[in-house]
Amino acid sequence: MAFPERFLDELLARTDIVDLVSESVHLTKKGNSYWGCCPFHSEKTPSFHVVPDRQIYKCFGCGKGGGAINFVMELENLPFRDAVAVLAKRAGMAVPDAGGGSSPGMRERRDRLLEINKQAARAFHKWLYTPQGAEGLAYLQKRGLSKATLTNFGLGFAPNSWDALIRELGQQGYDKRDLLDAGLAVSNKDGRIYDRFRNRVMFPIIDIRGSVIGFGGRVMDDSTPKYLNSPDTPVYNKSRNVFALNIAKKSKAGRVILTEGYMDTIALHQAGFDSAVASLGTSLTEEHAQLLSRYFKEAVISYDGDKAGIAAAQRAIPLLEKAGLKVKVLRVTGAKDPDEFIKAYGRDAFARLLDKSENQVDYRLAQIQGKYDLEDDNQRVAFLQEAAQMISTLHSAVEREIYGGHAAQTAGVTPETMAQEVNRALKSRLRKARKQQERRDLAPASQLQPKNRGLRYENIRSARAEEGVLRLILLDPSLLDRMEGLTGAEFSSPLLGKTFDLLRQRAEEGLSPHLAALAEDLTGEEMDHLAQVAAQPESTAHSDRSIRDYISVIRGEGLLRGGSPEDDLLRAAQKKYLEKKAYMEEKP
């Protein structure tokens, strides 16, 4: 069963979207609305629009949009019911029982998975100090981790047994299916179910709310993979969570230190560098970068100095910069990784190294330089051309001049010569961008289509009128009484028709017909598009005439859709009649 509609109505009435969004986005008022940099994608020029009188937000960059519930769902990666619970707590409202039925809802399922993970983490930690976990404890102690660190990070051990965790949690009332759902067990081809993690040191993965959402495990023998991570589940997505961010987000350091793995991160924390984090079983993603940008203004990449670490740093730099973070790169010399460096040279030496972290542009130039022999003229030219392409992507003319000078000095040419090469590369990039924009501008009809291809309009003229009807209703719900019997079935767009019927039904039931109230009835993609529709300008100054015009178009286009050729003349005549009728009604 869903939440009572009147509860959701009151919740949205108590939640001002400007106040909600302002908790995570700096907003600037312009006219009757607010603008800021989008929290869902990386940008430096604000394209995130909050419209208080319609209680919606819309980003004109990434396309995200909706009401207060959608905002929390997207920002915190929560399902509908969890987002409602967050808003209810914020508004000081008790969440009513939305249960019933024989199968648990999404919230109950998430709660159960989180509880299973918590109990699994306790079991792993307990086993670390038993004879079964002796090898794992010896490994962690050999790596120099104190008992306090083992406790703070909840480290544990999965016994070398097929079903130790299944049996342990079975005694607490969890069955094998529960563990499969949580990613703690796997099923082979013959249907046998066994523990996913066996003979491994265990690293609980904890989200920013403090919940155990998954695990990473390092094997104690020669088995592969060396590190095994939980699969994606309803509570865990490796591309949208970062290891140790639950601790690092509280740091006063002002900069996040990115490492390649669990052990480097934990070793840095033990040495007092409490802003260290690691991505989870995958390269850094745009979602990771955006998440980090909510808590830090600067990022220091501290990956291994091997080929794989260099490649990972090169991939991470543009993602972090795009998220608005100032990026530096730490070159660890005399050791293969931060953990080894601290053991060899001490905490203070690493702190000095950290403070001397290299600007990411110089780092990238150094990586380009390493590909060429600058004693060879042909290779020197190739280095300068590749460096010019990279420098041309820098936003500031000052940056382009400074780093162009660095490249010129490296290759032994004049700064003026390098500046010409950078400008040539920049002009080429701008030409390509202009051509792409021209191609888009020459296809105006495509600009009127929803970005999501699954929501494409079959009849743009009718759909534009249908959008107008929805905008008028959202601005003035009383206009629903003047719709001349219009129904969603008459709309050419299934989405717009469904939305019209939902708003009308809410009004008939005495509920607020606002877009924000439809968060549970619409998918994220549908809400994104409808927020785009609602954010477009519309005036209620001549609403009666606008409604007649829109309905005339909708019904006229509806008459021309489908049917046999013999009906074409009849439809055309009917359309003319409707248009003439509308004209006569407008005459004074």
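Structure shown above.
This is a predicted model, so every value here is computed, not measured.

With respect to the overall build of the protein chain
1) Next: Looking only at helices and strands, one finds 25 helices and 17 strands in the protein chain.
2) Next: For the protein chain, the C-alpha atoms occupy an extent of roughly 90 × 75 × 45 Å along the three principal directions.
3) Next: Burial analysis of the protein chain (588 residues in total) assigns 48% to the buried set.
4) Next: Taking as baseline every contact in the protein chain between residues at least 6 positions apart, the subset at least 24 positions apart corresponds to 63%.
5) Next: About 29300 Å² of surface is accessible on the protein chain, with carbon and sulfur atoms providing 49% of the total.
6) Next: Taking the average location of the 84 positive side-chain charges in the protein chain and that of its 79 negative ones, the two points are 2 Å from each other.

Overview of the pairing of strand S3 (residues 48-51)
1) Next: What you see with S3 is no split at all: Phe48 and Val50 on one side and His49 and Val51 on the other are buried throughout.
2) Next: Two strands pair when backbone bridges link them, and strand S2 (residues 33-36) and S3 are joined in this way by three bridges, in the antiparallel orientation. Within S3, the residue paired with Trp35 across the bridge is His49.
3) Next: Two elements, S3 and strand S4 (residues 56-59), share four bridges in a ladder whose sense is antiparallel. Across the sheet, the residue bridging to Val50 is Tyr57, located in S4.
4) Next: Here S3 hands over to S4 after four residues, with Gln55 in that stretch at a positive phi of 55 degrees.

Some points on the sheet that holds S3
Strand pairing in a sheet relies on backbone hydrogen bonds, with the paired strands running either antiparallel or parallel.
1) Next: Read across the open sheet, the five strands follow the order S1-S2-S3-S4-S5; overall the sheet is antiparallel. Either end of the sheet is taken by a strand with one partner, and the two such strands are strand S1 (28-30) and strand S5 (65-66).
2) Next: Sheet topology places S1 next to S2; three bridges connect them, and they run antiparallel. Looking at the pairing, Thr28 lines up with Trp35 of S2.
3) Next: Contacts from helix H23 (residues 524-535) reach S4 and S5 within the one sheet, and its direction differs from that of S4 by about 100 degrees.

Side note on the sheet that holds strand S6 (residues 156-158)
1) Next: Read from one edge to the other, the open sheet built from four strands follows the order S6-S9-S10-S11, with strand pairing classed as antiparallel. Because the sheet does not close on itself, it has two edges, and the strands there are S6 and strand S11 (227-229). Here the average twist between neighbouring strands, direction ignored, is 35 degrees.
2) Next: Bridge count between S6 and strand S9 (residues 200-206): three bridges; the pairing is antiparallel. When the sheet's bridge partners are listed, Gly156 is paired in S9 with Met202.
3) Next: Where helix H6 (residues 134-142) meets the sheet, its contacts fall on S6, S9, strand S10 (212-219) and S11, and the angle it forms with S9 comes to roughly 70 degrees.
4) Next: Where helix H11 (residues 262-270) meets the sheet, it contacts S9, S10 and S11, and its direction lies at approximately 70 degrees from that of S9.

Points about the packing of aromatic side chains
1) Next: In the structure shown here, the tally under the stated rule is 20 aromatic pairs.
2) Next: With a centroid separation of 5.2 Å and 35 degrees between ring planes, the pair formed by Phe491 and Phe500 is classed as tilted. The pair formed by Phe491 and Phe500 is uniform in burial state, with each residue classed as buried.
3) Next: Members of the aromatic cluster, connected to one another through ring pairs, are Phe153, Phe203, Tyr227, Phe243 and Tyr262.
4) Next: The ring of Phe273 has Arg347 lying over it, and the distance from NZ or CZ to the ring centre is 4.5 Å.

Quick look at the nonpolar core
1) Next: One finds Phe48, Val469, Met483, Phe500 and Leu515 to be the most contacted residues of the largest nonpolar core, which totals 66 residues.
2) Next: Among the elements that line this core, the one with the most residues is helix H21 (residues 460-475), at seven residues.
3) Next: Of all hydrophobic cores here, the second largest spans 48 residues; its members include Leu137, Leu169, Val212 and Ile266.

Some thoughts on helix H18 (residues 397-411)
1) Next: Here H18 spans 21 Å end to end across 15 residues, near enough to the 21 Å set by a 1.5 Å rise per residue.
2) Next: Those residues of H18 that sit buried are Arg400, Tyr403, Gly404, Ala407, Ala408 and Ala411. End-on, the buried residues of H18 take up no more than an arc of 155 degrees, which puts them together on one face. Across H18 from its buried face, at more than 90 degrees, point the exposed residues Val398, Glu401 and Gln409.
3) Next: Capping of H18 at its N-terminal end is provided by Ser396; its side-chain oxygen lies 3.1 Å from the backbone amide nitrogen of Val398.
4) Next: Gly412 lies just past H18 and shows a positive phi near 75 degrees.

Some remarks on the packing of helix H16 (residues 360-369) against helix H17 (residues 377-391)
1) Next: Where H16 meets H17, the closest approach of the two axes is 10 Å, and the angle between their N-to-C directions is 155 degrees. Classified by the angle between their axes, H16 and H17 sit roughly antiparallel to one another. Considering only the axes of H16 and H17, their crossing is right-handed. Between H16 and H17, the contacting residues are Val361, Arg364, Leu365, Ile368 and Gln369 on the first element and Phe383, Glu386, Ala387, Met390 and Ile391 on the second.
2) Next: Residue composition of the contact of H16 with H17, by class: seven nonpolar, one polar and two charged.

What about the state of the cysteines?
1) Next: Taken as a whole and judged by the stated rule, the model has zero disulfides.
2) Next: No disulfide involves Cys62; its nearest neighbouring cysteine sulfur is the one of Cys59, lying 3.7 Å away.

Examining the environment of Ile547
1) Next: By the secondary structure assignment, Ile547 is in helix H24 (residues 543-560).
2) Next: Measuring from C-alpha to C-alpha, the distance between Ile547 and Gln132 comes to 75 Å, with 415 residues separating the pair along the chain.
3) Next: Sequence-distant contacts of Ile547, defined by excluding residues within four places in its chain, comprise Leu472, Leu479, Arg482 and Met483.

Concerning helix H14 (residues 338-345)
1) Next: Taken residue by residue, H14 has Pro338, Asp339, Phe341 and Ile342 as its buried positions. Projection of H14 onto a plane perpendicular to its axis shows the buried side chains occupying an angular sector of 165 degrees, all on one side.
2) Next: Looking at the buried positions of H14, the neighbouring elements they touch are H11 and helix H15 (347-355).
3) Next: Near the N-terminus of H14, the side chain that reaches the backbone nitrogen of Asp339, with its oxygen 3.2 Å away, is that of Asp337.
4) Next: Positive backbone phi, at 95 degrees, marks Gly346, one or two positions downstream of H14.

The rules behind these values
Residues numbered from 1 in each chain as written. Predicted model: local features only at pLDDT ≥ 70, side-chain atom pairs only at ≥ 80, totals over all residues. Heavy atoms only, no water. Helix = DSSP H or I, 4+ residues; strand = E, 2+ residues; numbered from the N terminus. Buried < 20%, exposed > 50% of the residue type's maximum accessible area, 1.4 Å probe, protein only. Contact = heavy atoms within 4.5 Å. Areas by Shrake-Rupley, 256 points an atom, 1.4 Å probe, with all protein chains shown as cover. Lys, Arg positive; Asp, Glu negative; His and termini not counted. Charge placed at Lys NZ, Arg CZ, Asp CG, Glu CD. Pairing = 2+ DSSP bridges. Axes fitted to C-alpha atoms, helices over the stretch in contact; angles between N-to-C directions. Phe/Tyr/Trp six-rings, centres within 6.5 Å; stacked < 30°, edge-to-face > 60°. Lys NZ or Arg CZ within 6 Å of the ring centre and 35° of its normal. Core = buried A, V, L, I, M, F, W, Y, C linked by side-chain atoms within 4.5 Å. Expected span 1.5 Å × (residues − 1). Arc of directions from axis to C-beta. Polar contact = N/O pair within 3.5 Å; in protein donor to acceptor, adjacent residues only side chain to side chain. Parallel < 35°, antiparallel > 145°, perpendicular 65-115°, else oblique. Left-handed = near helix turned anticlockwise from the far one by under 90°. Nonpolar A, V, L, I, M, F, W, Y, C, P; charged D, E, K, R; others polar. Disulfide = S-S within 2.5 Å.

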